[in-house]
Amino acid sequence: MSRKVLIIGEVRDNSLRNVTFEAISAAKSVSDGGELVGVICGENNLEPLGNEMIQYGADRAIIIQNDKLKAYSSEGYSQAIYQVIDEESPEAIIMGHTAIGKDLTPKLASRLETGLISDAIEIDVVGENVVFTRPIYSGKAFEKKIITDGIIFATIRPNNIPPLERDESRQGTVSNLDVEISDLQTVIKDIIRKTTEGIDLSEAKVVIAGGRGVKNKEGFKPLYELAEVLGGAVGASRGACDADYCDYSLQIGQTGKVVTPDLYIACGISGAIQHLAGMSNSKIIVAINKDPEANIFNVADYGIVGDLFEVVPKLIEEIKQV
Ligand code: FAD
(Lines give C-alpha, C1' and ligand atoms only; values in the text may rest on other atoms or scores of the structure.)
Protein backbone atom coordinates (compact mmCIF):
# COMPACT_ATOMS: atom_id res chain seq x y z
CA MET A 1 0.00 0.00 0.00
CA SER A 2 1.77 3.13 -1.17
CA ARG A 3 1.71 6.27 0.97
CA LYS A 4 2.50 9.92 0.44
CA VAL A 5 5.08 10.85 3.08
CA LEU A 6 6.01 14.33 4.25
CA ILE A 7 9.56 14.73 5.53
CA ILE A 8 10.14 17.71 7.81
CA GLY A 9 13.72 18.81 7.20
CA GLU A 10 15.92 20.67 9.64
CA VAL A 11 18.17 23.56 8.73
CA ARG A 12 21.10 24.74 10.79
CA ASP A 13 23.58 27.42 9.69
CA ASN A 14 22.12 27.39 6.15
CA SER A 15 22.69 23.64 5.77
CA LEU A 16 20.43 20.65 6.15
CA ARG A 17 21.21 18.52 9.17
CA ASN A 18 22.19 14.92 8.35
CA VAL A 19 19.14 13.57 10.10
CA THR A 20 17.05 15.14 7.32
CA PHE A 21 18.63 12.73 4.81
CA GLU A 22 18.10 9.84 7.22
CA ALA A 23 14.44 10.87 7.53
CA ILE A 24 14.09 10.76 3.73
CA SER A 25 15.49 7.23 3.75
CA ALA A 26 13.08 6.25 6.56
CA ALA A 27 10.23 7.87 4.64
CA LYS A 28 11.09 5.77 1.58
CA SER A 29 10.52 2.58 3.60
CA VAL A 30 7.25 3.95 4.99
CA SER A 31 6.05 5.14 1.56
CA ASP A 32 6.13 1.70 -0.04
CA GLY A 33 6.59 3.40 -3.40
CA GLY A 34 4.47 6.48 -2.63
CA GLU A 35 5.51 10.11 -3.13
CA LEU A 36 8.14 11.66 -0.85
CA VAL A 37 7.64 15.37 -0.21
CA GLY A 38 10.26 17.34 1.71
CA VAL A 39 9.41 20.52 3.59
CA ILE A 40 11.77 23.07 5.09
CA CYS A 41 11.20 26.36 6.87
CA GLY A 42 13.48 29.34 7.27
CA GLU A 43 13.87 32.99 6.48
CA ASN A 44 15.35 32.79 2.96
CA ASN A 45 17.77 31.01 0.58
CA LEU A 46 16.10 27.63 1.02
CA GLU A 47 15.90 26.68 -2.66
CA PRO A 48 19.31 24.93 -2.85
CA LEU A 49 18.39 22.98 0.28
CA GLY A 50 15.11 21.90 -1.32
CA ASN A 51 17.14 20.59 -4.27
CA GLU A 52 19.45 18.78 -1.88
CA MET A 53 16.47 16.97 -0.35
CA ILE A 54 15.54 15.84 -3.85
CA GLN A 55 19.08 14.63 -4.52
CA TYR A 56 18.82 12.53 -1.37
CA GLY A 57 15.59 10.88 -2.50
CA ALA A 58 12.63 13.27 -2.08
CA ASP A 59 10.41 13.53 -5.18
CA ARG A 60 9.75 17.23 -4.62
CA ALA A 61 10.28 19.85 -1.94
CA ILE A 62 8.23 22.65 -0.46
CA ILE A 63 10.04 25.62 1.01
CA ILE A 64 8.44 28.11 3.36
CA GLN A 65 10.37 31.37 3.61
CA ASN A 66 9.14 33.92 6.09
CA ASP A 67 10.93 36.31 8.42
CA LYS A 68 8.95 34.84 11.33
CA LEU A 69 10.71 31.53 10.63
CA LYS A 70 14.23 32.94 10.93
CA ALA A 71 14.80 31.11 14.23
CA TYR A 72 12.94 28.00 15.29
CA SER A 73 9.88 28.49 17.48
CA SER A 74 7.23 25.86 18.00
CA GLU A 75 4.63 28.58 17.58
CA GLY A 76 5.83 29.75 14.14
CA TYR A 77 6.98 26.42 12.72
CA SER A 78 3.87 24.52 13.81
CA GLN A 79 1.64 27.07 12.06
CA ALA A 80 3.71 26.83 8.87
CA ILE A 81 3.99 23.02 8.77
CA TYR A 82 0.36 22.59 9.70
CA GLN A 83 -0.63 24.50 6.57
CA VAL A 84 1.54 22.19 4.44
CA ILE A 85 -0.09 19.14 6.02
CA ASP A 86 -3.48 20.67 5.36
CA GLU A 87 -2.65 21.22 1.67
CA GLU A 88 -0.79 17.99 1.02
CA SER A 89 -2.82 15.53 3.14
CA PRO A 90 0.10 13.12 3.59
CA GLU A 91 -0.53 9.61 4.87
CA ALA A 92 2.69 9.71 6.89
CA ILE A 93 5.05 12.32 8.38
CA ILE A 94 8.68 11.69 9.40
CA MET A 95 11.12 13.97 11.19
CA GLY A 96 14.41 13.60 13.11
CA HIS A 97 14.25 13.01 16.86
CA THR A 98 16.27 16.13 17.56
CA ALA A 99 15.64 18.93 20.05
CA ILE A 100 13.44 20.62 17.43
CA GLY A 101 11.76 17.36 16.41
CA LYS A 102 10.94 16.57 20.05
CA ASP A 103 9.38 20.00 20.48
CA LEU A 104 7.52 20.37 17.20
CA THR A 105 6.05 16.93 16.50
CA PRO A 106 3.90 16.51 19.64
CA LYS A 107 2.37 19.92 18.99
CA LEU A 108 1.53 18.95 15.40
CA ALA A 109 0.29 15.49 16.40
CA SER A 110 -2.04 16.93 18.99
CA ARG A 111 -3.44 19.43 16.48
CA LEU A 112 -3.89 16.61 13.93
CA GLU A 113 -5.40 14.38 16.64
CA THR A 114 -3.10 11.57 15.61
CA GLY A 115 -0.65 9.31 17.43
CA LEU A 116 3.09 9.90 17.40
CA ILE A 117 5.85 7.29 17.61
CA SER A 118 9.00 8.97 18.81
CA ASP A 119 12.66 7.99 18.66
CA ALA A 120 12.33 5.10 16.21
CA ILE A 121 15.52 3.29 15.25
CA GLU A 122 14.13 0.78 12.75
CA ILE A 123 11.20 0.63 10.33
CA ASP A 124 9.63 -2.45 8.76
CA VAL A 125 6.64 -2.61 6.50
CA VAL A 126 4.70 -5.75 7.38
CA GLY A 127 1.61 -6.18 5.22
CA GLU A 128 -0.54 -3.09 5.70
CA ASN A 129 1.34 -2.02 8.83
CA VAL A 130 4.41 0.12 9.31
CA VAL A 131 6.21 -1.25 12.36
CA PHE A 132 8.54 1.11 14.23
CA THR A 133 11.12 -0.22 16.70
CA ARG A 134 12.10 2.12 19.52
CA PRO A 135 14.25 1.74 22.64
CA ILE A 136 12.52 1.92 26.01
CA TYR A 137 13.66 1.81 29.66
CA SER A 138 16.80 3.80 28.83
CA GLY A 139 17.75 1.41 26.02
CA LYS A 140 17.39 -1.78 28.07
CA ALA A 141 14.50 -3.08 25.95
CA PHE A 142 12.89 -2.40 22.59
CA GLU A 143 9.26 -2.13 21.65
CA LYS A 144 7.60 -2.46 18.28
CA LYS A 145 4.75 -0.06 17.61
CA ILE A 146 2.23 0.65 14.88
CA ILE A 147 -0.24 3.48 14.38
CA THR A 148 -3.60 1.92 13.65
CA ASP A 149 -5.60 5.00 12.73
CA GLY A 150 -4.93 8.34 11.07
CA ILE A 151 -1.63 9.74 9.87
CA ILE A 152 1.48 7.64 10.54
CA PHE A 153 3.64 10.13 12.40
CA ALA A 154 7.12 9.30 13.70
CA THR A 155 10.46 10.77 14.67
CA ILE A 156 13.67 8.84 14.02
CA ARG A 157 16.78 8.77 16.19
CA PRO A 158 19.78 10.37 14.42
CA ASN A 159 22.54 8.04 13.20
CA ASN A 160 20.45 4.88 12.94
CA ILE A 161 18.84 4.77 9.53
CA PRO A 162 21.44 5.23 6.80
CA PRO A 163 20.62 7.94 4.26
CA LEU A 164 20.13 7.04 0.60
CA GLU A 165 23.04 7.73 -1.67
CA ARG A 166 23.06 11.28 -3.03
CA ASP A 167 22.25 11.51 -6.74
CA GLU A 168 23.09 14.97 -8.02
CA SER A 169 21.31 14.35 -11.31
CA ARG A 170 17.96 13.73 -9.60
CA GLN A 171 15.32 16.28 -10.58
CA GLY A 172 12.16 17.47 -8.87
CA THR A 173 10.23 20.66 -8.23
CA VAL A 174 11.02 22.98 -5.38
CA SER A 175 7.97 25.11 -4.74
CA ASN A 176 7.55 28.14 -2.50
CA LEU A 177 4.54 28.08 -0.23
CA ASP A 178 3.21 31.33 1.23
CA VAL A 179 1.75 30.72 4.63
CA GLU A 180 -0.09 32.83 7.16
CA ILE A 181 1.77 33.09 10.44
CA SER A 182 0.17 35.13 13.19
CA ASP A 183 2.31 37.49 15.24
CA LEU A 184 4.47 35.36 17.51
CA GLN A 185 3.87 35.71 21.22
CA THR A 186 7.52 34.99 21.93
CA VAL A 187 10.29 36.22 19.68
CA ILE A 188 13.84 34.87 19.75
CA LYS A 189 16.15 37.87 19.73
CA ASP A 190 19.50 36.14 19.79
CA ILE A 191 20.97 32.68 20.10
CA ILE A 192 24.16 32.32 22.11
CA ARG A 193 25.90 29.08 21.22
CA LYS A 194 27.55 27.08 23.96
CA THR A 195 28.48 24.03 21.94
CA THR A 196 32.00 23.62 20.72
CA GLU A 197 32.75 24.13 17.08
CA GLY A 198 33.12 21.23 14.71
CA ILE A 199 31.10 18.06 14.41
CA ASP A 200 27.68 18.02 16.05
CA LEU A 201 27.81 15.59 18.99
CA SER A 202 24.42 14.00 18.32
CA GLU A 203 25.29 13.34 14.66
CA ALA A 204 28.97 12.36 15.10
CA LYS A 205 30.05 8.94 13.82
CA VAL A 206 32.78 8.82 16.48
CA VAL A 207 32.37 10.10 20.04
CA ILE A 208 35.18 10.33 22.59
CA ALA A 209 33.60 10.86 26.01
CA GLY A 210 35.33 11.85 29.21
CA GLY A 211 34.20 11.30 32.77
CA ARG A 212 35.32 12.23 36.24
CA GLY A 213 38.42 10.13 35.62
CA VAL A 214 39.63 12.90 33.30
CA LYS A 215 40.33 14.84 36.53
CA ASN A 216 40.15 18.45 35.26
CA LYS A 217 39.67 20.71 32.23
CA GLU A 218 43.23 20.06 31.06
CA GLY A 219 42.52 16.34 31.17
CA PHE A 220 40.12 16.73 28.25
CA LYS A 221 42.97 17.83 25.93
CA PRO A 222 44.06 14.30 24.90
CA LEU A 223 40.40 13.45 24.28
CA TYR A 224 40.08 16.37 21.87
CA GLU A 225 43.27 15.20 20.14
CA LEU A 226 41.90 11.68 19.78
CA ALA A 227 38.62 13.07 18.46
CA GLU A 228 40.55 15.07 15.90
CA VAL A 229 42.54 12.14 14.55
CA LEU A 230 39.37 10.04 14.34
CA GLY A 231 37.19 12.83 12.91
CA GLY A 232 34.86 12.67 15.89
CA ALA A 233 33.28 14.84 18.58
CA VAL A 234 33.92 15.05 22.32
CA GLY A 235 31.22 14.25 24.87
CA ALA A 236 31.13 13.83 28.63
CA SER A 237 29.45 12.21 31.58
CA ARG A 238 27.42 14.34 33.92
CA GLY A 239 30.10 13.69 36.52
CA ALA A 240 32.58 15.58 34.34
CA CYS A 241 30.08 18.40 33.65
CA ASP A 242 29.12 18.75 37.32
CA ALA A 243 32.80 18.97 38.23
CA ASP A 244 33.11 21.82 35.68
CA TYR A 245 35.69 19.98 33.54
CA CYS A 246 33.57 20.83 30.50
CA ASP A 247 30.34 22.46 29.39
CA TYR A 248 26.93 20.84 29.96
CA SER A 249 26.34 20.94 26.21
CA LEU A 250 28.66 17.90 26.05
CA GLN A 251 26.64 15.83 28.53
CA ILE A 252 25.51 12.43 27.31
CA GLY A 253 22.87 10.41 29.11
CA GLN A 254 19.38 10.37 30.48
CA THR A 255 19.39 14.09 31.15
CA GLY A 256 21.82 14.92 28.36
CA LYS A 257 22.14 14.01 24.70
CA VAL A 258 21.42 10.57 23.27
CA VAL A 259 24.09 9.45 20.84
CA THR A 260 24.42 6.36 18.65
CA PRO A 261 27.76 6.74 16.87
CA ASP A 262 29.58 3.94 15.05
CA LEU A 263 32.32 4.19 17.69
CA TYR A 264 32.01 5.42 21.29
CA ILE A 265 35.15 5.60 23.42
CA ALA A 266 34.42 6.13 27.11
CA CYS A 267 37.44 7.45 29.03
CA GLY A 268 37.30 7.45 32.83
CA ILE A 269 33.53 6.91 32.95
CA SER A 270 32.14 4.42 35.47
CA GLY A 271 29.02 3.53 33.45
CA ALA A 272 26.17 4.71 35.68
CA ILE A 273 22.75 3.71 34.39
CA GLN A 274 21.91 7.34 33.61
CA HIS A 275 25.00 7.60 31.40
CA LEU A 276 24.30 4.30 29.63
CA ALA A 277 20.84 5.64 28.72
CA GLY A 278 22.52 8.07 26.35
CA MET A 279 25.07 5.83 24.65
CA SER A 280 24.41 2.10 25.09
CA ASN A 281 23.00 1.78 21.57
CA SER A 282 26.29 2.93 20.03
CA LYS A 283 27.50 0.42 17.46
CA ILE A 284 30.93 -0.24 18.97
CA ILE A 285 31.76 0.77 22.54
CA VAL A 286 35.33 0.95 23.82
CA ALA A 287 35.89 1.61 27.52
CA ILE A 288 39.11 2.82 29.11
CA ASN A 289 39.00 2.63 32.89
CA LYS A 290 41.46 1.94 35.71
CA ASP A 291 38.91 -0.14 37.60
CA PRO A 292 38.39 -3.61 36.08
CA GLU A 293 35.05 -3.83 37.95
CA ALA A 294 33.64 -0.61 36.40
CA ASN A 295 30.10 -1.09 35.08
CA ILE A 296 31.01 0.44 31.72
CA PHE A 297 32.81 -2.81 30.85
CA ASN A 298 29.44 -4.62 30.95
CA VAL A 299 28.29 -2.72 27.85
CA ALA A 300 31.68 -2.38 26.15
CA ASP A 301 32.65 -4.39 23.07
CA TYR A 302 36.31 -3.71 23.87
CA GLY A 303 37.67 -2.86 27.29
CA ILE A 304 41.05 -1.45 28.21
CA VAL A 305 41.91 -1.60 31.90
CA GLY A 306 44.41 1.16 32.41
CA ASP A 307 45.13 4.81 33.03
CA LEU A 308 43.50 6.91 30.33
CA PHE A 309 46.41 9.35 30.41
CA GLU A 310 48.67 6.52 29.24
CA VAL A 311 46.22 4.74 26.95
CA VAL A 312 44.79 7.71 25.02
CA PRO A 313 48.19 9.15 23.88
CA LYS A 314 49.22 5.65 22.75
CA LEU A 315 46.00 5.32 20.76
CA ILE A 316 46.61 8.70 19.12
CA GLU A 317 50.15 7.68 18.21
CA GLU A 318 49.02 4.36 16.72
CA ILE A 319 46.12 5.87 14.77
CA LYS A 320 48.36 8.58 13.32
CA GLN A 321 50.56 5.85 11.84
CA VAL A 322 47.67 4.12 10.05
P1 FAD B 1 32.42 8.36 38.36
O2 FAD B 1 31.23 7.51 38.61
O3 FAD B 1 33.07 9.04 39.48
O4 FAD B 1 33.46 7.49 37.56
C5 FAD B 1 34.75 7.89 37.23
C6 FAD B 1 35.46 6.67 36.64
O7 FAD B 1 36.74 7.04 36.19
C8 FAD B 1 35.67 5.53 37.65
O9 FAD B 1 35.11 4.34 37.13
C10 FAD B 1 37.19 5.42 37.78
O11 FAD B 1 37.63 4.07 37.93
C12 FAD B 1 37.65 5.98 36.47
N13 FAD B 1 38.98 6.60 36.49
C14 FAD B 1 39.50 7.46 37.39
N15 FAD B 1 40.73 7.85 37.00
C16 FAD B 1 41.00 7.20 35.85
C17 FAD B 1 42.11 7.21 34.96
N18 FAD B 1 43.20 7.97 35.20
N19 FAD B 1 42.08 6.42 33.87
C20 FAD B 1 40.98 5.63 33.62
N21 FAD B 1 39.91 5.60 34.43
C22 FAD B 1 39.91 6.39 35.52
N23 FAD B 1 25.16 10.91 34.35
C24 FAD B 1 25.46 11.03 33.04
O25 FAD B 1 26.60 10.74 32.62
N26 FAD B 1 24.53 11.50 32.17
C27 FAD B 1 23.26 11.84 32.54
O28 FAD B 1 22.47 12.27 31.70
C29 FAD B 1 22.92 11.70 33.91
N30 FAD B 1 21.68 12.00 34.34
C31 FAD B 1 21.37 11.79 35.66
C32 FAD B 1 20.06 12.00 36.09
C33 FAD B 1 19.72 11.76 37.41
C34 FAD B 1 18.30 11.99 37.85
C35 FAD B 1 20.70 11.32 38.32
C36 FAD B 1 20.35 11.04 39.75
C37 FAD B 1 21.99 11.12 37.92
C38 FAD B 1 22.36 11.36 36.59
N39 FAD B 1 23.67 11.15 36.14
C40 FAD B 1 23.94 11.24 34.81
C41 FAD B 1 24.79 10.93 37.08
C42 FAD B 1 25.21 9.48 37.19
O43 FAD B 1 24.43 8.81 38.16
C44 FAD B 1 26.70 9.38 37.59
O45 FAD B 1 26.87 10.06 38.81
C46 FAD B 1 27.66 9.96 36.57
O47 FAD B 1 27.40 9.41 35.30
C48 FAD B 1 29.09 9.58 36.97
O49 FAD B 1 29.99 10.16 36.10
P50 FAD B 1 31.41 9.49 35.86
O51 FAD B 1 31.24 8.11 35.35
O52 FAD B 1 32.20 10.45 35.04
O53 FAD B 1 32.07 9.54 37.32
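A brief look at the structure comes next. (Residues numbered from 1 in each chain as written. Predicted model: local features only at pLDDT ≥ 70, side-chain atom pairs only at ≥ 80, totals over all residues. Heavy atoms only, no water.)

Attention shifts here to the overall build of the chain. Scanning the chain for helices and strands turns up eight helices and 17 strands. Relative to the compact-globule value of 20 Å for 322 residues, the chain shows a C-alpha radius of gyration of 21 Å, a close match. Along the first, second and third principal axes, the C-alpha atoms of the chain reach 60 × 45 × 40 Å. By residue count, 51% of the 322 residues in the chain fall in the buried class. (Helix = DSSP H or I, 4+ residues; strand = E, 2+ residues; numbered from the N terminus. Rg over C-alpha atoms; globule rule 2.2 N^0.38 Å. Buried < 20%, exposed > 50% of the residue type's maximum accessible area, 1.4 Å probe, protein only.)

Spatial strand order, 7-11-6-1-4-5-12: seven strands in an open sheet with parallel pairing. A strand with exactly one partner marks an edge of an open sheet, and here the two such strands are strand 7 (117-120) and strand 12 (174-176). Ignoring which end each strand starts from, the neighbouring axes of this sheet average 25° apart. As defined by bridge partners, strand 6 (residues 92-96) adjoins strand 11 (residues 152-156) across five bridges and the pair is classed as parallel. Following the sheet pairing, Ala-92 is matched in strand 11 by Ile-152. (Pairing = 2+ DSSP bridges. Axes fitted to C-alpha atoms, helices over the stretch in contact; angles between N-to-C directions.)

Right, let's get into the site of the ligand. Around the ligand there are 26 residues in total, and Arg-212, Ser-237, Thr-255, Ser-270 and Asn-289 lie nearest to it. At 3.1 Å, a side-chain N or O of Asp-307 approaches a nitrogen atom of the ligand. According to the grid-proximity analysis, the pocket containing the ligand is the second largest pocket. Looking at the shell around the ligand, the elements with two or more residues in it are helix 6 (238-242), helix 7 (273-276) and helix 8 (308-321). Considering only residue class, the shell around the ligand consists of five nonpolar, 15 polar and six charged. (Near = heavy atom within 4 Å. Polar contact = N/O pair within 3.5 Å; in protein donor to acceptor, adjacent residues only side chain to side chain. 1 Å grid on protein atoms, 1.4 Å probe; cavity = no way out; pocket = protein on both sides within 12 Å on 5 of 7 lines; lining within 4 Å. Sits in = over half its atoms within 2 Å of the grid points. Nonpolar A, V, L, I, M, F, W, Y, C, P; charged D, E, K, R; others polar.)

A few words now on empty space enclosed by the protein. One pass over the full model with this rule turns up one cavity of 30 Å³ or more. Taken together, Ser-138, Gly-139, Arg-157, Val-258, Val-259, Thr-260, Leu-276, Ala-277, Gly-278, Met-279, Ser-280 and Asn-281 make up the full set of residues lining the largest cavity. Here the lining of the largest cavity is composed, by residue class, of five nonpolar, six polar and one charged. (Points joined across faces, edges and corners; volume = space filled by probe spheres on them.)

A few words on the layout of surface pockets. Taken as a whole, the second largest pocket encloses approximately 250 Å³ of empty space. Ser-237, Arg-238, Gly-239, Ala-272 and His-275 are, among the 17 residues lining the second largest pocket, the residues nearest its centre. Of all the secondary-structure elements, those providing two or more residues to the lining of the second largest pocket are helix 6 and helix 7. Classifying every residue of the lining of the second largest pocket by side-chain character gives three nonpolar, twelve polar and two charged.

So, on to the pattern of salt bridges. Per the stated rule, a full pass over the model turns up 16 salt bridges. As a salt-bridge pair, Glu-203 and Arg-17 come within 3.5 Å of each other at their nearest N and O atoms. Here Glu-203, found in the loop between strand 12 and strand 13 (206-210), pairs with Arg-17, found in the loop between strand 3 (15-16) and helix 1 (18-31); they are 186 residues apart in sequence, far enough to count as distant. For the pair Glu-203 and Arg-17, one class covers both residues: buried. In this structure, a network of salt bridges that share partners links the residues Glu-10, Arg-12, Arg-17, Asp-200 and Glu-203. (Salt bridge = Lys/Arg side-chain N within 4 Å of Asp/Glu carboxyl O.)

The subject of this paragraph is the sheet that holds strand 14 (residues 233-236). Strand pairing in a sheet takes place through backbone hydrogen bonds and is either antiparallel or parallel in direction. Sheet architecture is open: five strands sit in the order 14-13-15-16-17, paired in parallel fashion. A single partner strand is all that each edge strand has here, and the edge strands are strand 14 and strand 17 (302-305). The mean inter-strand angle of the sheet, taken between neighbouring strand axes irrespective of direction, is 20°. Sheet topology note: the strand 16 (residues 284-289)/strand 17 ladder contains four bridges and is parallel. Directly across from Asn-289, in strand 17, lies its bridge partner Val-305. Where helix 5 (residues 221-230) meets the sheet, its contacts fall on strand 13, strand 14 and strand 15 (263-267), and the angle it forms with strand 13 comes to roughly 175°. Docked against the sheet, helix 8 engages strand 15, strand 16 and strand 17, running at close to 135° with respect to strand 16. (Contact = heavy atoms within 4.5 Å.)

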